[in-house]
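The chain contents come next:
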Amino acid sequence: DAGVIQSPRHEVTEMGQEVTLRCKPISGHDYLFWYRQTMMRGLELLIYFNNNVPIDDSGMPEDRFSAKMPNASFSTLKIQPSEPRDSAVYFCASTPRTGTGYGYTFGSGTRLTVV
Amino acid sequence: AQSVTQLGSHVSVSEGALVLLRCNYSSSVPPYLFWYVQYPNQGLQLLLKYTSAATLVKGINGFEAEFKKSETSFHLTKPSAHMSDAAEYFCAVRSGGTSYGKLTFGQGTILTVHP
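Residues numbered from 1 in each chain as written. Chains lettered and ligands numbered in written order. Predicted model: local features only at pLDDT ≥ 70, side-chain atom pairs only at ≥ 80, totals over all residues. Heavy atoms only, no water.

Undergrad: Would you mind showing me how to read the overall build of chain A here?
TA: Helix and strand content of chain A: zero helices and 11 strands. Listing each helix as α and each strand as β along chain A from the N terminus yields β-β-β-β-β-β-β-β-β-β-β. Over its C-alpha atoms chain A spans a radius of gyration of 13 Å, differing by no more than 12% from the 13 Å that the globule rule assigns to 115 residues. C-alpha extents for chain A along the principal axes are approximately 40 × 30 × 30 Å. Across the 115 residues in chain A, those meeting the buried criterion constitute 50%. (Helix = DSSP H or I, 4+ residues; strand = E, 2+ residues; numbered from the N terminus. Rg over C-alpha atoms; globule rule 2.2 N^0.38 Å. Buried < 20%, exposed > 50% of the residue type's maximum accessible area, 1.4 Å probe, protein only.)

This is how it looks when you write it as structure tokens:
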């Protein structure tokens, strides 16, 4: 299995531009999570999906952020318009089930820099 | 609500010395507990997990952790540190019995190994 695949690995964009981060979960995993990692705030859960349906988006910082999962093998996290404070590493993770002690498998992350 | 506290944001040991990374959790129901490792510019990798079976859990790379309910702790140990163990380590908790099973992460502990 190729694991959780994220693209791009690095993204540098100017303030005000739209940014789209992509994630392909492990085949057969029903849950998909988007996390953001910064030095100041550590790892923050932004949103997660179960069977392509958003379950909890309470961690999404504001309306500039949106996430979709059009099918079981693909999810996007979009920031529009981007701001310098959005600079962070964004991780996607998937797991086959929850409530039974399964761990998450994380992607390698997308390092976003907004200048 | 569930939470995790990692005591010590930085731990430094000599090669061959004991590694001890501390984690205390708070959970209103029996928890599932995890340790993850993050090497530079990589995603998080699962080291080990506690899922209410044996209280002493062995993981990859010679690490182990002991679940102590009376102390609400899940400290990570390794008898002899290697240079390759230098990384950031995250403790995480997920409360069993919930329908969504979000992982809550601690702030992380950076392990430095000196020759």
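There is more to say, and it comes next.
Undergrad: Explain the sheet that holds strand β8 (residues 74-79) of chain A to me, please; I cannot follow it from the model alone.
TA: For sheets, the rule is that strands pair by backbone hydrogen bonds, running either parallel or antiparallel. Residues and elements named next belong to chain A. One open sheet accounts for four strands, arranged β1-β3-β8-β7; its pairing is antiparallel. Two strands close off the open sheet at either side, each with one partner strand: β1 (5-7) and β7 (65-71). Taken over all neighbouring pairs, the strand axes of this sheet differ in orientation by 15° on average, direction set aside. (Pairing = 2+ DSSP bridges. Axes fitted to C-alpha atoms, helices over the stretch in contact; angles between N-to-C directions.)

Undergrad: Looking at this structure, how should I read the pattern of salt bridges?
TA: Where charged atoms of side chains with opposite charge meet at close range, the side chains can pair. Residue and element names in this part refer to chain A. Under the defined criterion, the tally for this structure stands at 10 salt bridges over all chains. The shortest N-O distance in the salt bridge between Glu18 and Lys78 comes to 3.9 Å. Taken together, the residues Glu18 in the loop between β2 (10-13) and β3 (19-24) and Lys78 in strand β8 connect sequence positions 60 residues apart. According to the relative accessible area criterion, Lys78 is partly exposed, its value standing at 30%. (Salt bridge = Lys/Arg side-chain N within 4 Å of Asp/Glu carboxyl O.)

Undergrad: Help me understand the packing of aromatic side chains in this model?
TA: The geometry of an aromatic ring pair is captured by two quantities: the separation of the ring centres and the angle between the planes. By the definition in use, this model includes 18 aromatic pairs over all chains. Seen from their ring centres, Tyr50 of chain B and Phe74 of chain B are 6.3 Å apart, and the 50° between their planes marks the pair as tilted. Here Tyr50 of chain B is found in strand β5 (residues 44-50), whereas its partner Phe74 of chain B is found in strand β8 (residues 73-78), with 24 residues between them in sequence. A residue is classified by how much of its surface remains accessible, and Phe74 of chain B, at 0% relative accessible area, is buried. Cluster of aromatic residues (ring-pair linked, three or more members): Tyr31, Phe33, Tyr35, Tyr48, Phe91, Tyr104 and Phe106 of chain A together with Phe34, Tyr36, Phe90 and Phe105 of chain B. (Phe/Tyr/Trp six-rings, centres within 6.5 Å; stacked < 30°, edge-to-face > 60°.)

Undergrad: I'm lost on the interface of chain A and chain B in this one. Help?
TA: Often, the extent of an interface is quoted as the loss of accessible area on bringing the components together. Chain A puts 23 residues into the contact, and the matching count from chain B is 21 residues. Between chain A and chain B we count zero salt bridges in total. Taken together, chain A and chain B are joined by six residue pairs in polar contact (both at pLDDT 80 or more). Taken together, the elements giving at least two residues each to the side of chain A that touches chain B come down to β4 (31-38) and β5 (42-50) of chain A. Broken down by element, the residue count for the side of chain A that touches chain B peaks at four residues, all from β5 of chain A. For the side of chain A that touches chain B, a count of residues per class yields 10 nonpolar, nine polar and four charged. (Contact = heavy atoms within 4.5 Å. Polar contact = N/O pair within 3.5 Å; in protein donor to acceptor, adjacent residues only side chain to side chain. Nonpolar A, V, L, I, M, F, W, Y, C, P; charged D, E, K, R; others polar.)

Undergrad: Looking at this structure, I do not really get the nonpolar core. What am I missing?
TA: Membership of the largest hydrophobic core comes to 27 residues, with the highest contact counts inside it found for Trp35, Leu47, Leu48, Phe74, Leu76 and Tyr89 of chain B. Secondary-structure elements contributing two or more residues to this core are β2 (10-14), β3 (19-26), β4 (31-38), β5, β7 (64-68), β8, β9 (87-95) and β11 (109-114) of chain B. The contacts of Leu48 of chain B, once residues within four sequence positions are left out, are Leu33, Phe34, Trp35, Val57, Lys58, Gly59, Phe63, Glu64, Ala65, Phe74 and Leu76 of chain B. Formed by 21 residues, the second largest nonpolar core is a distinct cluster that contains Ile47, Phe49, Phe65 and Leu112 of chain A. (Core = buried A, V, L, I, M, F, W, Y, C linked by side-chain atoms within 4.5 Å.)

Undergrad: Hey, could you run me through the environment of Val37 of chain B in this one?
TA: All names here are of chain B. Position of Val37 among the secondary structure elements: in strand β4. Classification of Val37 by relative accessible area gives buried; the value is 0%. Separated by 41 residues in the primary sequence, Val37 and Lys78 place their C-alpha atoms 13 Å from one another. Setting aside chain neighbours within four positions, we find Val37 in contact with Gly43, Leu44, Gln45, Leu47, Ala87, Glu88 and Tyr89.

Undergrad: Honestly, the pairing of strand β9 (residues 88-95) of chain A in this entry has me stumped. Any pointers?
TA: In regular strands, side chains alternate between the two faces of the sheet. Residues and elements named next belong to chain A. Counting buried positions along β9 yields eight of eight residues, so the element is predominantly enclosed. Neither face of β9 is left uncovered, since the one carrying Ala88, Tyr90, Cys92 and Ser94 and the one carrying Val89, Phe91, Ala93 and Thr95 both have all their residues buried. For β4 and β9, the ladder comprises seven bridges, and the chain directions are antiparallel. Looking at β9, one finds that Tyr35 is bridged to Phe91.

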